Amino acid sequence: MSGLFGVLFWATLVIYALVVAAQIYGRVFAKQRWVRAALVGVIVGLTLHTLLVVWRWVETGHIPTIGNFENGLVGAWFIVAMTLWAAWRERYPLLAAGALPFALVILGGGALSDTSAQPMVAALRSFWLYIHIFFAWLAYGAYTVACGAGIVYLVRSRKGADPGAGVLDGLDELMFRSTVFGFITDAIMIAAGSIWAKNLWGAYWSWDPVETWSLLSWLVYGVALHLRITMGWRGRRLAWLLVFAILGVLVSFWGVNLVMEGSLHVFNVG
Amino acid sequence: MTARALFRGFTSARVTVSLLCLVALLFVANVAVPQASVLGPGAFTELVTGHPVRYFFLVTLGLGSLSTSPLFVSILGLFFANLAAVLAARFGPTWRRSRMRPRSEEGLVAWIRAGARTGEALSAPRPPGLVPARVVRALQGHGYRVRRVGERTFHGVKHRSAPLGFVLFHLSFFLISAGGLALYATRYVASASLIEGQELRGEDLHVLRLPLSGAPVVQSFTVDRVDPRFEDGQPVHLGAVVRFQGPGAAMERPARINGPARSGATAVFLQQAGLAPVLWLQDGRGFTVDRVAASMGDRRGEATPVPLDGGRLTVLLEPLPEGAPFPVRSELGATALPLRVLAGDEVVFAGALRPGEGAALAGGRGRLVVEELRYWVGVQVIRERGGALLVAGFLLGVVGLVWRLLWYRREVALGWDDAAVWLVGRSEYYSVHFRGELTTLLASLGETGQGKGEG
């Protein structure tokens, strides 16, 4: 990372961390102002984050999609943007404390890997790659919002807590809607990835660990939707399920990057 | 237990969710248990050789090739049987729900009154000048199909066909599996290495997988105009023109990484490329003794041996020097190839030659000329059918999901008296969001739009 880029990157990380800390403090010590004010921090962080994504795009000449760092940078951007949108629209500012830690983990993990700009190798030059990755980001962002809503639900529905009128119903629905959105975009992601794999490797499906794991995490959310729609799972049970389901998504996220590295070897020249 | 009860039990949500969990567990096993397809045949054989327990689980039970193991196939079979049974059981009710059944005025009024009692119904003072045409327009403006049931009672349904999305989504699994089965049954995979201009012959193919019906006849082709490109030493493009030989005229198809050349069910995938010098051995009078085109190996590998003159001479093509850029087409003419020529153990020439250059071999063994420098490409030839079914299944599945879960069905009853308007509704999903929609809908009744029929 170049000097100024690195400074902005770490500043973004620190802002997100402060937002999470401020919201937890506000929640624990019943200072609602802290929880709400922290959303301003998310806006500032997201503005810097957007600048970083554009900077990287201009620097490399392609949409940041190569390697752990670029995937983490853009993947976390989607998580933060979707969290902010949901928190704002649904009026659950505390959602940031539930979802932003995942953005921090992904950004931090990306920063630990090779951050140098890489050219777009032949294996990655595909229209289907962009569709695949775009829908992956949307799906993972939605799942993270669902998980964040689940965490907030669990906190607010504890014994003795006063959740406020209609808040739990709203959170429950946010979990459900985010899961539905994630499930649909995840399905498109898997289909687009399969078509890309066919063009690149000659097979729609190879049962390699990354493919299998992404199908597994989709299936887990499919089970969650079945439980919700046909068996009436809602509230705390659904919240716990969505909190654990995100672990599968995190594995998928890093797994995708492993595939990217492997794909470089498809084109051995010389 | 009667067959009917058994069928009802088998199609219950509990069984479906249990089967989904079972399939998920198999996926976990697919990642956790060493798979032959991931390790490769050599490493897998090494893993199981001399380990009876591993051999039993991975080979005898087939868990080392889980996706084709009897266990996996059985559970998937059960899953599809459940899916088919659920579809059969639910199709009738789903079809009926997707139709807009006439509602009686009494029924709707009772629904509104019950809603008013429980607080479920929304109400507002009757807007001045409210007439049926405005109500219809307001409901239609929010996407409802409207039926006037009484003088002051309306019934509206939005996205009434949404339940059919359930059928489409679940049918898509059958389409995808039909595509998968067709691909599995017809898939032929072979690899080959071809030098520019060389025609593919049957013996050039290294068959990796045969379809169930036996080896197909692979259409012959040549690869031409290979075009590798680099940025910062990294390969960013590999393209070529593949010329398929048909019964009539040859067909030229472009190919690149991520874009195979296709002719019918056959696809040619470019995988890698390298240099292929054409070596010309002449005798002392300039007559041709031998002339071969040789594919050089990977730059990280060993020297590539090329036998000439019936094996009396061996040319060792050395890899390009470490760090030297791989030559693009415009640089081929100036690329010096490091090579050694051996006659038995004796080195009769060592040096570097550019295309068009030649060198006399020691001991009057003639003259070696590097006539030209071409590229070779490694290709994979795949012939299969069923991909279209698979893609159609993907499409159907996504359409079904969107139709079912995003365009969910909503139903409202609206009535009014002299003092107030009452609105009650139900939605399949997202009741909180729907409540907001109802509020907006009720508010829109008060908007004074001018339209036909409004008096």
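It should be noted that the structure appears before, not after, this text.
Everything quoted here is computed from the prediction, not taken from an experiment.

Trainee: Just to check I follow, could you spell out the overall build of chain A for this structure?
Mentor: When its secondary structure is counted, chain A shows 8 helices and 0 strands. What you see for chain A is a C-alpha radius of gyration of 19 Å, in line with the 18 Å of a compact globule of 270 residues. Dimensions of chain A, computed from the C-alpha atoms along their principal axes, are close to 70 × 50 × 25 Å. Counting across all 270 residues of chain A, residues that qualify as buried make up 63%.

Trainee: Looking at this structure, I do not really get the overall build of chain B. What am I missing?
Mentor: When helices and strands are counted, chain B shows 11 helices and 19 strands. Along the first, second and third principal axes, the C-alpha atoms of chain B reach 120 × 60 × 45 Å. In chain B, buried positions account for 43% of the 455 residues. Across chain B, the fraction of contacts at a sequence separation of at least 24, relative to all contacts at a separation of at least 6, is 59%. If you sum the accessible surface of chain B, you get close to 22800 Å²; carbon and sulfur atoms cover 59% of it. Placing the 49 positive and 35 negative side-chain charges of chain B at their respective mean positions leaves the two points 16 Å apart.

Trainee: Help me out: how do you make sense of the sheet that holds strand S18 (residues 410-416) of chain B in this one?
Mentor: Strand pairing in a sheet takes place through backbone hydrogen bonds and is either antiparallel or parallel in direction. Residues and elements named next belong to chain B. Taken in spatial order, the 5 strands make up an open sheet running S1-S19-S18-S3-S2, and their pairing is antiparallel. With one partner strand each, in any of the chains shown, strand S1 (122-125) and strand S2 (144-150) form the two edges of the open sheet. Put simply, the sheet's adjacent strands are angled 20 degrees from each other on average, direction ignored. By the bridge criterion, 7 bridges tie S18 to strand S19 (residues 420-427) in an arrangement that is antiparallel.

Trainee: Please explain helix H4 (residues 95-112) of chain A as it appears in this structure.
Mentor: Residues spaced three or four apart along an α-helix face the same direction, because each turn holds 3.6 residues. The terminal C-alpha atoms of H4 of chain A, which comprises 18 residues, lie 27 Å apart, in line with the 26 Å expected from a rise of 1.5 Å per residue. Residues of H4 of chain A that are buried include every one of Leu95, Ala96, Ala97, Gly98, Ala99, Leu100, Phe102, Ala103, Ile106, Leu107, Gly110 and Ala111 of chain A, and no others.

Trainee: Any chance you could explain helix H5 (residues 127-156) of chain A here in plain terms?
Mentor: Residues and elements named next belong to chain A. An ideal rise of 1.5 Å per residue puts 44 Å on 30 residues; H5 measures up with 44 Å between its terminal C-alpha atoms. A large share of H5 lies buried, amounting to 24 of its 30 residues. In this structure serine 126 caps H5, since a side-chain oxygen of it lies 3.1 Å from the backbone nitrogen of tryptophan 128.

Trainee: Please clarify how the packing of aromatic side chains should be interpreted in this entry.
Mentor: In this description, a pair of aromatic rings is defined by centroid distance and the angle of the planes. Residues and elements named next belong to chain B. A full pass over the atoms with the stated rule returns 37 aromatic pairs over all chains. Ring plane angle 10 degrees and centroid distance 6.0 Å describe the contact between phenylalanine 154 and tryptophan 416, whose orientation is recorded as stacked. Here phenylalanine 154, found in strand S3 (residues 153-158), pairs with tryptophan 416, found in strand S18; they are 262 residues apart in sequence, far enough to count as distant. Residue classification places tryptophan 416 among the buried positions, given a relative accessible area of 8%. Judged by centre distance (4.7 Å) and plane angle (85 degrees), the ring pair of tyrosine 408 and tyrosine 430 falls under edge-to-face.

Trainee: What am I meant to see in the interface of chain A and chain B here?
Mentor: Interface extent is often summarised as the accessible area lost during association of the parts. Each partner contributes to the interface: chain A provides 53 residues, whereas chain B provides 61 residues. Of the roughly 4800 Å² buried between chain A and chain B on both sides combined, carbon and sulfur atoms contribute 71%. The interface formed by chain A and chain B holds 1 salt bridge in total. Here glutamate 384 of chain B makes a salt bridge to lysine 198 of chain A, at a shortest N to O gap of 2.3 Å. Between the two partners, chain A and chain B, sit 13 residue pairs in polar contact (both at pLDDT 80 or more). Sorting elements by how many residues they give to the side of chain A that touches chain B places helix H6 (residues 167-201) of chain A first, with 18 residues. Residue composition of the side of chain A that touches chain B, by class: 34 nonpolar, 12 polar and 7 charged.

Trainee: Can you walk me through the environment of phenylalanine 135 of chain A in this structure?
Mentor: Residues and elements named next belong to chain A. Of note, phenylalanine 135 is situated in helix H5. Taking the C-alpha atoms as reference points, phenylalanine 135 and alanine 111, 24 residues apart in sequence, are found 23 Å from one another. The residues touching phenylalanine 135, leaving out its near neighbours within four places in the chain, are Thr185, Ile188 and Met189.

Trainee: Please explain the packing of helix H3 (residues 67-90) of chain A against H6 of chain A as it appears in this structure.
Mentor: All names here are of chain A. Where H3 meets H6, the closest approach of the two axes is 13 Å, and the angle between their N-to-C directions is 145 degrees. As H3 packs across H6, the resulting crossing turns out to be right-handed. Of the residues in H6, those touching H3 at Met82, Ala86, Arg89 and Glu90 are Leu174, Arg177 and Phe181.

Trainee: How should I be thinking about the pairing of strand S7 (residues 234-244) of chain B in this particular structure?
Mentor: Walk down a regular strand and you will see the side chains alternate between the two sheet faces. Residue and element names in this part refer to chain B. The buried fraction of S7 amounts to 9 of the 11 residues, a majority that puts the element mostly inside the structure. Strand direction decides the pairing type here: strand S6 (residues 221-231) and S7, joined by 9 bridges, are antiparallel. Bridging across to S7, valine 223 finds its partner in valine 242. Relative to strand S8 (residues 251-256), S7 runs antiparallel, the two being bridged by 6 bridges.

Trainee: Could you clarify how one ought to interpret unusual backbone geometry in this entry?
Mentor: Glycine aside, residues mostly have negative phi, and peptide bonds are mostly found in the trans state. The backbone of tryptophan 207 of chain A shows a phi angle near 55 degrees, a positive value even though the residue is not glycine. The topology assignment puts tryptophan 207 of chain A in the loop between H6 and helix H7 (209-231). For aspartate 309 of chain B, which is not glycine, the phi dihedral falls at a positive 55 degrees. Mapped onto the elements of the fold, aspartate 309 of chain B is located in the loop between strand S12 (304-308) and strand S13 (313-317).

Trainee: Quick question: what am I supposed to make of the packing of H3 of chain A against H4 of chain A here?
Mentor: Two packed helices can be described by the angle between their axes and the distance between those axes. Residues and elements named next belong to chain A. Look at H3 against H4: their axes get within 8 Å of each other, and the N-to-C directions meet at 170 degrees. One way to sum up the angle between H3 and H4 is to call them roughly antiparallel. Here H3 contributes Asn68, Phe69, Gly72, Leu73, Ala76, Ile79, Val80, Thr83, Ala86 and Ala87 to the contact with H4, which in turn contributes Leu95, Ala96, Ala99, Leu100, Ala103, Ile106, Leu107, Gly110 and Ala111.

Trainee: In this structure, what is going on with the sheet that holds S6 of chain B? I would like to understand it.
Mentor: Residue and element names in this part refer to chain B. With antiparallel pairing, the 3 strands of this open sheet are ordered in space as S6-S7-S8. Strand pairing shows two members of the sheet lacking a second neighbour, S6 and S8, which therefore form its edges. Each strand axis lies, on average, 15 degrees off the axis of its neighbour in the sheet, ignoring direction.

Trainee: Help me understand the side chain of histidine 132 of chain A in this model?
Mentor: Structurally, the position occupied by histidine 132 of chain A is in helix H5. Excluding residues within four positions of it along the chain, histidine 132 of chain A makes contact with Met189, Ala192, Gly193 and Trp196 of chain A.

Trainee: Help me understand a nonpolar patch on the surface, please; the structure alone is not making it clear to me.
Mentor: All names here are of chain A. Side chains of Ile24, Tyr25, Val28, Phe29 and Trp34 sit close together on the surface and give an oily, nonpolar patch of about 520 Å² of accessible area. The greatest single-element share of the nonpolar patch, amounting to 3 residues, is contributed by helix H1 (residues 3-28). Assignment of secondary structure puts phenylalanine 29 in the loop between H1 and helix H2 (32-60).

Trainee: For this particular structure, what's the right way to read the environment of phenylalanine 183 of chain A?
Mentor: The topology assignment puts phenylalanine 183 of chain A in helix H6. Separated by 152 residues in sequence, phenylalanine 183 of chain A and lysine 31 of chain A have C-alpha atoms that sit 35 Å apart. Setting aside its immediate chain neighbours within four residues, phenylalanine 183 of chain A contacts Tyr143, Trp218, Tyr221, Gly222 and Leu225 of chain A together with Phe169 and Leu401 of chain B.

Trainee: Explain the environment of leucine 39 of chain B here, please?
Mentor: Residue and element names in this part refer to chain B. Structurally, leucine 39 is set in helix H3 (residues 36-39). A relative accessible area of 39% means that leucine 39 is categorised as partly exposed. Taking C-alpha positions, leucine 39 is 45 Å from glutamate 357, a pair spaced 318 residues apart along the chain. Among residues more than four places away in sequence, those in contact with leucine 39 are Pro34, Phe44 and Leu47.

Trainee: Sorry, what's going on with the nonpolar core here?
Mentor: One broad trend across soluble globular proteins is that nonpolar side chains are buried collectively. Phe221 and Leu339 of chain B are the most contacted members of the largest nonpolar core, which has 169 residues in total. Counting residues per element, this core draws most heavily on H5 of chain A, at 18 residues. In this structure, phenylalanine 221 of chain B is in contact with Leu194, Gln198, Glu199, Leu200, Val242, Arg243, Phe244, Gln245, Val268, Val379 and Val381 of chain B, ignoring residues within four places of it in sequence. Counting residues in each nonpolar core, the second largest holds 17 residues, with Leu130, Tyr144, Val412 and Val421 of chain B among its members.

Conventions adopted
- Position numbers for residues count from 1 along each chain, tracking the sequence in the order it is written.
- In the order they appear in the text, chains get letters beginning with A and ligands get numbers beginning with 1.
- Predicted model: local features are reported for residues with pLDDT of at least 70 only, side-chain atom pairs are reported and counted for 80 or more only, and whole-chain, interface and lining totals are derived from all residues.
- Only hydrogens and water are set aside when side-chain values are computed; all heavy atoms of the structure are taken into account.
- Put simply, DSSP marks the helices as runs of H or I at least four residues long and the strands as runs of E at least two long, and each gets a number from the N terminus on.
- Radius of gyration: C-alpha atoms only; globule rule: 2.2 Å multiplied by the number of residues to the exponent 0.38.
- Three labels apply to residues, based on accessible area from a 1.4 Å probe with only protein chains included: buried if under 20% of the type maximum, exposed if over 50%, partly exposed otherwise in between.
- By definition, residues are in contact when any of their heavy atoms lie within 4.5 Å.
- Every accessible area reported is derived by Shrake-Rupley at a probe size of 1.4 Å, with residue values counting cover from the shown protein chains alone.
- In this charge count, Lys and Arg are treated as positive and Asp and Glu as negative; neither His nor the chain ends contribute.
- One atom stands in for each charge, and that atom is NZ of Lys, CZ of Arg, CG of Asp or CD of Glu.
- Two strands make a pair as long as DSSP finds a minimum of two bridges between them.
- Axis lines are fitted through C-alpha atoms, for helices just across the contact stretch, and the angle between N-to-C directions can take any value from 0 to 180 degrees.
- Helix span, expected: 1.5 Å multiplied by one less than the number of residues in the helix.
- Think of a polar contact as two N or O atoms within 3.5 Å of one another; within protein, one of them needs to be a possible hydrogen donor and the other a possible acceptor, and neighboring residues in sequence only count if both atoms come from side chains.
- Under the pairing criterion, centres of Phe, Tyr and Trp rings, with the six-membered ring standing for Trp, must be within 6.5 Å; the plane angle then separates stacked pairs below 30 degrees from edge-to-face pairs above 60, leaving the rest tilted.
- When two parts are brought into contact, each loses some accessible area as probed by a 1.4 Å sphere; the total of that loss over both is the buried area.
- We define a salt bridge as a contact between a side-chain nitrogen of Lys or Arg and a carboxyl oxygen of Asp or Glu at a distance within 4 Å.
- Following the grouping adopted for this structure description, the nonpolar residues are Ala, Val, Leu, Ile, Met, Phe, Trp, Tyr, Cys and Pro, the charged ones are Asp, Glu, Lys and Arg, and the polar ones are all others, Gly among them.
- Each crossing is labelled by how the near helix is turned from the far one, with a counterclockwise turn of less than a right angle marking it left-handed and a clockwise turn marking it right-handed.
- Small angles under 35 degrees read as roughly parallel and large ones over 145 as roughly antiparallel, with 65 to 115 read as roughly perpendicular and the rest as oblique.
- By definition, no residue in a patch forms a salt bridge, and every one has over 30% relative accessible area; like charges are joined within 9 Å, nonpolar side chains (Val, Leu, Ile, Met, Phe, Trp, Tyr) within 5 Å.
- Nonpolar cores were defined as sets of buried Ala, Val, Leu, Ile, Met, Phe, Trp, Tyr and Cys residues, with membership established by side-chain atoms within 4.5 Å.

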